[in-house]
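# A closer look at the structure
Residue strings, one per chain:
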Amino acid sequence: MKTRAAVLWSTGGKWSVEELDLAEPGPGEVTIRVRASGLCHSDDHNVTGDSQAPLPVVGGHEGSGEVVSVGPGVDRFSVGDRVATFPMPACGRCRYCSSGRSHLCDLSARTMMATAGENARFRFHRGDVGVGAYTQLGTFSEYTTISVEQAFALPDDIPFAAAALVGCGVSTGFGATRRVAPVSPGDHVVVIGVGGVGAAAVQGARVAGASTIMAIDPVPFKLEQAVRFGATHTAHGIGEALPVLREVSWGAMADVVVVAVGVMHGEMLAAQAELVAKGGSLVMTAVAPLVETTVALPLTRFALAGKSLVGNLAGSTNPVADFDEMWRLYRAGQVQLDEMVTRTYSLDQVNKGYEDMHAGRNVRGLVVFD
Ligand SMILES: NC(=O)c1ccc[n+]([C@@H]2O[C@H](COP(=O)([O-])OP(=O)(O)OC[C@H]3O[C@@H](n4cnc5c(N)ncnc54)[C@H](O)[C@@H]3O)[C@@H](O)[C@H]2O)c1
Ligand SMILES: [Zn+2]
Ligand SMILES: [Zn+2]
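Residues numbered from 1 in each chain as written. Chains lettered and ligands numbered in written order. Predicted model: local features only at pLDDT ≥ 70, side-chain atom pairs only at ≥ 80, totals over all residues. Heavy atoms only, no water.

## Observations regarding the pairing of strand E9 (residues 143-147)
Within E9, four of the five residues are buried, which leaves it mostly tucked inside the rest of the structure. Pairing of strand E3 (residues 29-38) with E9 involves five bridges; the strand directions are antiparallel. Note on E9: the bridge partner recorded for Thr31 is Thr145. (Buried < 20%, exposed > 50% of the residue type's maximum accessible area, 1.4 Å probe, protein only. Helix = DSSP H or I, 4+ residues; strand = E, 2+ residues; numbered from the N terminus. Pairing = 2+ DSSP bridges.)

What follows is the structure, encoded as structure tokens:
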């Protein structure tokens, strides 16, 4: 079938919306009509070259939609089913899946490193040219064909927009404080960077009962939004945050610090680590340029204070269990997802959406499909 999709052809280029051929679903695959796709910063890292997904690639990895066609052997979904997607597959059989760490599923390497499907088969083509799908989802497209291991049943009462966000940014930020470095009632928490990921981390800290939630972002609009999601304190930078945090925590500093800036750099780490309490955790969520391999960190002070530096992949989310929890929190009004969408865009406006992200105008921008 034909589909219109936003394709990145070269590093430093723009998303080009064009008509592609989409493969019918193979064994274990479904084709979905995409209904919403969030503008996560991670797609943009491929544009700048910070990340290096094989090109050309259809962007979009934070989406939701409806099943329009099922491949051979698929018994989990039928035509018409609503689905949320997730960048990490969960095979249910590997060592990681079977020990409750499905975000590290052995199949993940497949989606992170390669944008083509099983046997390097491309699901999108323009003429003879195979076009990849970012994290094998490619949700900046009217239709996409994906593995059932990346699709999860979506209840009828959850809007496609909210579900899309949960497909990456919300799970990553919420999971940072729920699973990666679980926040306890009364904890002091700092969230650095209030995009989709950071706004969800603020909410995760609130739901967990943190007593202090300090949001740090240079953009005043983001700080206003952070307060809306539960931040108790705000600062425009770490320098401004340190004395306030010291005072409210009686010198202890933050039990959990979530780093969710747009682009991480190694030299930022030392100042971030200063925010962390003895025995606390610095949750590295933001993506740095792939070529950067050095960091600045006063190691002895870090070690003797028993601090942890922990990587965050998609909030350690197990989509089967955690999406269901998220829908319950959303229904109960404990997590605000609709409020995170600052602006919506058509597929043709995807570059405009990323322009707005860089200008700090959105907590999250969302591409919606009619
Ligand atoms: N680890 C994962 O699984 C995972 C998943 C999703 C996104 N990410 C990454 O997380 C990061 C955040 O994603 P997002 O979509 O929320 O990005 P975003 O661009 O929407 O938000 C980033 C925010 O950080 C702020 N910021 C920039 N520099 C800052 C600084 N020095 N101090 C404080 N705030 C600063 C910006 O103003 C912005 O509000 C990105 O690097 C993204 O690629 C990682
Ligand atoms: Zn697995
Ligand atoms: Zn993402």
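## Things to note about the confidence of the model for the chain
Predicted confidence across the chain gives a mean pLDDT of 96, with 99% of residues reaching 70 or more. Within the chain, strand E11 (residues 188-192) carries the highest mean pLDDT (99), whereas helix H2 (residues 108-113) carries the lowest (73). (pLDDT = per-residue confidence, 0-100.)

## Remarks on the pattern of salt bridges
Evaluation of the coordinates by the stated rule reveals 16 salt bridges. The partner of Lys2 in a salt bridge is Asp21, and the shortest N-O contact between them spans 2.7 Å. With Lys2 in strand E1 (residues 2-8) and Asp21 in strand E2 (residues 16-22), this residue pair connects regions lying 19 residues apart in the sequence. The exposure class assigned to Asp21 is partly exposed, which follows from its relative accessible area of 30%. (Salt bridge = Lys/Arg side-chain N within 4 Å of Asp/Glu carboxyl O.)

## A closer look at the coordination of the zinc ion (ligand 2)
Around a metal, the perfect tetrahedron of four donors has angles of 109.5 degrees, and the perfect octahedron of six donors has angles of 90 or 180 degrees. Those protein atoms acting as donors to the zinc ion (ligand 2) are Cys91 (SG), Cys94 (SG), Cys97 (SG) and Cys105 (SG), and they sit at 2.3 to 2.5 Å. Here the zinc ion (ligand 2) binds four donor atoms, and the angle range of 105 to 116° at the metal identifies the geometry as tetrahedral. The exposure class of Cys91 is buried, given its relative accessible area of 14%. Residue classification places Cys94 among the buried positions, given a relative accessible area of 9%. (Donors = N, O, S within 2.8 Å, 3.2 Å for Na, K, Ca; no water. Tetrahedral: all angles 85-135°; square planar, octahedral: opposite > 155°, others 65-115°.)

## Here we look at the side chain of Lys222
Topologically, Lys222 is positioned in helix H6 (residues 220-229). For the buried Lys222, no salt bridge is present, and the opposite-charge side chain at shortest range is Asp217, 5.1 Å distant. Look past the residues within four positions of Lys222 in its chain and what remains in contact with it is Val194, Gly195, Asp217, Gly360, Asn362 and Val363. (Lys, Arg positive; Asp, Glu negative; His and termini not counted. Contact = heavy atoms within 4.5 Å.)

## Some points on the sheet that holds strand E15 (residues 276-284)
Sheet architecture is open: six strands sit in the order E13-E12-E11-E14-E15-E16, paired in parallel fashion. Looking along the sheet, the strands with just one partner apiece sit at the ends: strand E13 (233-235) and strand E16 (308-311). Sheet twist, expressed as the mean angle between neighbouring strand axes with direction ignored, is 20°. Sheet topology note: the E11/strand E14 (residues 254-259) ladder contains four bridges and is parallel. When the bridges of E14 are listed, Val190 appears paired with Val257. (Axes fitted to C-alpha atoms, helices over the stretch in contact; angles between N-to-C directions.)

## Let's talk about unusual backbone geometry
A cis amide bond links Leu55 to the next residue, Pro56, at an omega of 0°. As for its placement among the helices and strands, Pro56 is situated in the loop between helix H1 (41-48) and strand E4 (57-58). Non-glycine residue Trp250 carries a positive phi angle of around 55°. With relative accessibility at 82%, the residue Trp250 sits in the exposed group.

## Digging into the site of ligand 1
Taken together, 29 residues are adjacent to ligand 1, and His41, Asp217, Gly262, Asn312 and Arg364 come closest. One of the side-chain nitrogen or oxygen atoms of His45 is found 3.0 Å away from an oxygen atom of ligand 1. Coverage of ligand 1 by the protein amounts to 85% of the 860 Å² it exposes when considered alone. At the level of secondary structure, the elements contributing two or more residues to the shell around ligand 1 comprise H1 and helix H5 (196-208). Among the elements that line the shell around ligand 1, the one with the most residues is H1, at three residues. Taken together, the residues of the shell around ligand 1 sort by class into 16 nonpolar, ten polar and three charged. In this structure, the shell around ligand 1 is formed jointly by two domains, domain 1 (2-154 + 337-368) and domain 2 (170-314), each of which donates at least three residues. (Near = heavy atom within 4 Å. Polar contact = N/O pair within 3.5 Å; in protein donor to acceptor, adjacent residues only side chain to side chain. Areas by Shrake-Rupley, 256 points an atom, 1.4 Å probe, with all protein chains shown as cover. Nonpolar A, V, L, I, M, F, W, Y, C, P; charged D, E, K, R; others polar. Domains from an automatic or database assignment.)

## A closer look at the sheet that holds E1
Spatial strand order, E1-E2-E7-E8-E4: five strands in a closed barrel with mixed pairing. Pairing analysis gives two bridges linking E4 to strand E8 (residues 129-133), with the strands arranged parallel. Its bridge partner lying in E8, Val57 is registered against Gly132.

## Quick look at helix H7 (residues 238-248)
Among all positions in H7, only Ile238, Ala241, Leu242 and Leu245 are buried. Buried residues of H7 fall within an arc of 110° about the axis and therefore sit on the same side. Pointing more than 90 degrees away from the buried face of H7 are the exposed residues Gly239 and Glu247. Those residues of H7 that are buried are in contact with E11, strand E12 (212-216), E13, E14 and helix H8 (269-274). Residue Trp250 follows H7 closely and has a positive phi angle near 55°. (Arc of directions from axis to C-beta.)

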